[in-house]
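So you can see what is in the structure, the chains are spelled out below.
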Amino acid sequence: MLTKVIEQAKIDHFTKWFERADKIVIVSHVSPDGDAIGSSLGLYHFLDSQEKNVNVIVPNAFPDFLKWMPGSKDILLYDRYREFADKLIAEADVICCLDFNALKRIDDMAESVAASPARKILIDHHLYPEDFCKITMSYPKVSSTSELVFRLICRMGYFSDISKQGAECIYTGMMTDTGGFTYNSNDREIYFIISELLSKGIDKDEIYRKVYNTYSESRLRLMGHVLSQMTVYADRNAALISLTKDEQGKFNYVKGDSEGFVNIPLSIKNVRLSCFLREDTEKPMIKVSLRSVGTFPCNQLAAEFFNGGGHLNASGGEFFGTMEEAKMIFEKALEKYSNLLTC
Ligand code: 5GP
Ligand code: MN
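Everything in this summary refers to the structure shown in the same document. Keep in mind that what you see is a predicted model, and the values were worked out from it rather than measured.

Quick look at the coordination of the manganese ion (ligand 2)
The protein atoms donating to the manganese ion (ligand 2) are D35 (OD), D99 (OD), H125 (NE2) and D177 (OD), with metal-donor distances spanning 2.2 to 2.4 Å. Counting the intervening residues between successive donors of the manganese ion (ligand 2) yields the motif D-x63-D-x25-H-x51-D. You can see D35 sitting in helix α2 (residues 34-49) and its partner H125 sitting in the loop between β5 (119-124) and β6 (135-138), a full 90 residues away along the chain. We note that D35, like H125, is buried.

What follows is the structure in structure tokens.
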């Protein structure tokens, strides 16, 4: 059995919208990850089964390892089909905002979504949601937005209408946002939900292989290179890896190739904090990714030193400057947080 999590009044409110709506648009965050695509497509398959006119729009492309997901070919990329997407957003009855907590996380789409007269609902698990939706379903203790989508559909009374395809998408989001159920995944209800998804006929082992074991040779060689250059701060229980544009060129880097690299240093004994600095290919900035284990608040570090944020154990930010400067800032942060890292 599942606990309620989502308040009944919010379920009732959304159910009313849902019953009256025809055109529904689902939007998710820039550089969509497994949970952004999984939750969006999970909801998409359900709404589609209820004969709604539903479209998923994301700001830009998503990684190849998510392209097998049922329905992924129907996702509209805003940076390619802006005019058509703007029309859908403007004419929608309901807009579902999934897996982000602030309008700036949908980049250039923010303006059209804010301006649309559609009823808006937020379904998300990031801390401190902004107030831009009439219904805000924000539950930071829940490990993925995909799990919330499952909970929402069930609470509305439609478990039986979740298809195998929908279940595959929901499972993928739950799996990727917990690193294959290796962090943020001690809530026993997660496994009850997985059991329900298995009852829909999903093959969870195959989904794991499709997401994690279909990388290119050059990605694996890049990983070897990045790890060989790693700095370990043994006295601070931390590690740092980096990737410059030059290195990206040498290893035929394509977007998504460094996905997950930031987690690897956490497999070193005693390392509690890992940082990955990557020169961006599009904007003149360094993308910062942080991961921690236990209670170390890497979202606080990201906010204080890299103008970012996120979750306790997974956060990120941006740095405008050189790689050397970014490393120095990280080392400064290690000094400041040394108590929390070495206690
Ligand atoms: P990743 O390292 O996978 O890019 O991001 C991990 C988490 O950190 C994301 O789910 C998001 O919550 C947060 N995050 C990443 N980049 C940023 C950023 O630039 N600003 C903020 N506020 N949060 C970010
Ligand atoms: Mn998520």
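Let's pick the thread back up.
Here we look at unusual backbone geometry
The backbone of E51 shows a phi angle near 65°, a positive value even though the residue is not glycine. Position of E51 among the secondary structure elements: in the loop between α2 and β2 (53-58). Positive phi, close to 75°, is recorded for N270, a residue that is not glycine. Among the structural elements, N270 can be located in the loop between α10 (245-250) and β9 (273-279).

Describing the site of ligand 1
Lining the immediate surroundings of ligand 1 are 13 residues, of which K287, S289, R291, S315 and G316 lie closest. The separation between a nitrogen atom of ligand 1 and a polar side-chain atom of K287 is 2.8 Å. One of the side-chain nitrogen or oxygen atoms of S289 is found 2.7 Å away from an oxygen atom of ligand 1. Relative to its free-state accessible area of 500 Å², ligand 1 is covered by the protein chains to the extent of 75%. Of all the secondary structure elements, the ones that give two or more residues to the shell around ligand 1 are β10 (286-292), β11 (309-310) and β12 (314-319). For the shell around ligand 1, the element with the most residues is β12, which contributes five residues. Tallied by class, residues from the shell around ligand 1 come to one nonpolar, nine polar and three charged.

How each quantity is defined
- Residues numbered from 1 in each chain as written.
- Chains lettered and ligands numbered in written order.
- Predicted model: local features only at pLDDT ≥ 70, side-chain atom pairs only at ≥ 80, totals over all residues.
- Heavy atoms only, no water.
- Donors = N, O, S within 2.8 Å, 3.2 Å for Na, K, Ca; no water.
- Helix = DSSP H or I, 4+ residues; strand = E, 2+ residues; numbered from the N terminus.
- Buried < 20%, exposed > 50% of the residue type's maximum accessible area, 1.4 Å probe, protein only.
- Near = heavy atom within 4 Å.
- Polar contact = N/O pair within 3.5 Å; in protein donor to acceptor, adjacent residues only side chain to side chain.
- Areas by Shrake-Rupley, 256 points an atom, 1.4 Å probe, with all protein chains shown as cover.
- Nonpolar A, V, L, I, M, F, W, Y, C, P; charged D, E, K, R; others polar.

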